[in-house]
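Results of the structural survey
Read off the chains here:
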Amino acid sequence: MGNLVAIVGRPNVGKSTLFNRLTGTRQAIVNEEAGVTRDRLYGKAFWNGVEFSVVDTGGYATNSDDIFEEEIRKQVLIAIEEADVIVFVVDVITGVTDYDEGVAELLRRTNKPVLVLVNKVDNHDRIPEASYFYSMGLEDLFPISSINGAGTGEFLDRLVEVF
Ligand code: GDP
Ligand code: MG
């Protein structure tokens, strides 16, 4: 069974917080490729009796904007290549950024399922702001809070449906 879920998105949106919530543990596997160090953390998760693997694409080498953008691009392309489902995390507090638009542009080209998680929706007041992210042209979107778990049940129900 190849239920591999890749979590992508720019730094600070809450990818690792989500990974920890889904897996409960951190099982680090560190890879190095093409001169850029990237650490990819793999873990196991369950929902409604369905087991799946999650990869947290963290650890950007960020000295300049160019490297930053190139590294995000690389992580997204790896995710598109290796994952069965791509979970694209964005941040309701910062709103839609240029980097988000860039990632979305790449993700619109894949025919693999993409779920957008608008993270940091810690309370209902932020739900209307979460809908601004529909402007990225990706339709399967869920407002969630990785910190308090709000909305994560709806997201996980959908996730295990698309495997
Ligand atoms: P990453 O760089 O994408 O892996 O992001 P992290 O998981 O390291 O989180 C970055 C920051 O956002 C940390 O200070 C987290 O505590 C915070 N954060 C993550 N998820 C949430 C959330 O759902 N709500 C709020 N308010 N903060 C969050
Ligand atoms: Mg992280």
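Everything numeric here is computed off the predicted structure, so don't read it as measured data.

Calculation rules
Residues numbered from 1 in each chain as written. Chains lettered and ligands numbered in written order. Predicted model: local features only at pLDDT ≥ 70, side-chain atom pairs only at ≥ 80, totals over all residues. Near = placed C-beta within 6 Å. Helix = DSSP H or I, 4+ residues; strand = E, 2+ residues; numbered from the N terminus. Nonpolar A, V, L, I, M, F, W, Y, C, P; charged D, E, K, R; others polar. Buried ≥ 20, exposed ≤ 12 C-beta atoms within 10 Å, placed from the backbone. Contact = placed C-beta atoms within 7 Å. pLDDT = per-residue confidence, 0-100. Core = buried A, V, L, I, M, F, W, Y, C linked by C-beta atoms within 7 Å.

Quick word on the site of ligand 1
Around ligand 1 sit 15 residues in total, of which Gly-14, Lys-15, Ser-16, Thr-17 and Ile-147 are the nearest. Of all the elements, helix H1 (residues 15-23) adds the most residues to the shell around ligand 1, at 3 residues. Residues belonging to the shell around ligand 1 are distributed by class as follows: 3 nonpolar, 9 polar and 3 charged.

Some words on the environment of Glu-51
Structurally, Glu-51 is set in strand E4 (residues 50-57). Take Glu-51: there are 11 C-beta atoms within 10 Å of it, and that puts it in the exposed class. Taking the C-alpha atoms as reference points, Glu-51 and Asn-3, 48 residues apart in sequence, are found 7.6 Å from one another. If we skip the residues at most four places from it in the chain, Glu-51 touches Asn-3, Lys-44 and Phe-46.

Some details on the confidence of the model for the protein
Taken over all residues, the pLDDT of the protein has a mean of 86, while the share at 70 or more is 83%. On the interface metric, ipTM, the complex scores 0.99, and its pTM is 0.91.

Thoughts on the nonpolar core
Formed by 37 residues in total, the largest nonpolar core has its most connected members in Val-5, Ala-6, Ile-7, Ile-86, Val-87, Phe-88 and Val-118. Looking at this core, the elements with two or more residues in it are strand E1 (4-8), H1, E4, helix H2 (65-82), strand E5 (85-91), helix H3 (98-107), strand E6 (114-119) and helix H5 (152-162). Here this core takes 6 residues from E5, the largest share from any one element. Once residues within four sequence positions are removed from consideration, Val-5 is found in contact with Phe-52, Ser-53, Val-54, Ala-83, Val-85, Val-87 and Leu-159.

Things to note about unusual backbone geometry
In most cases, non-glycine residues show a negative phi, while peptide bonds are predominantly trans. Of note in the backbone geometry, Asn-12 takes a positive phi value of approximately 80° without being a glycine. Mapped onto the elements, Asn-12 comes out in the loop between E1 and H1. Accessibility expressed as a C-beta count within 10 Å gives 10 for Asn-12, which makes it exposed. Of note, Asn-48 is a non-glycine position whose phi angle comes to about 50°, a positive value. Here Asn-48 shows up in the loop between strand E3 (36-47) and E4. Judged by local crowding, Asn-48 falls into the exposed class, with 10 C-beta atoms found within 10 Å.

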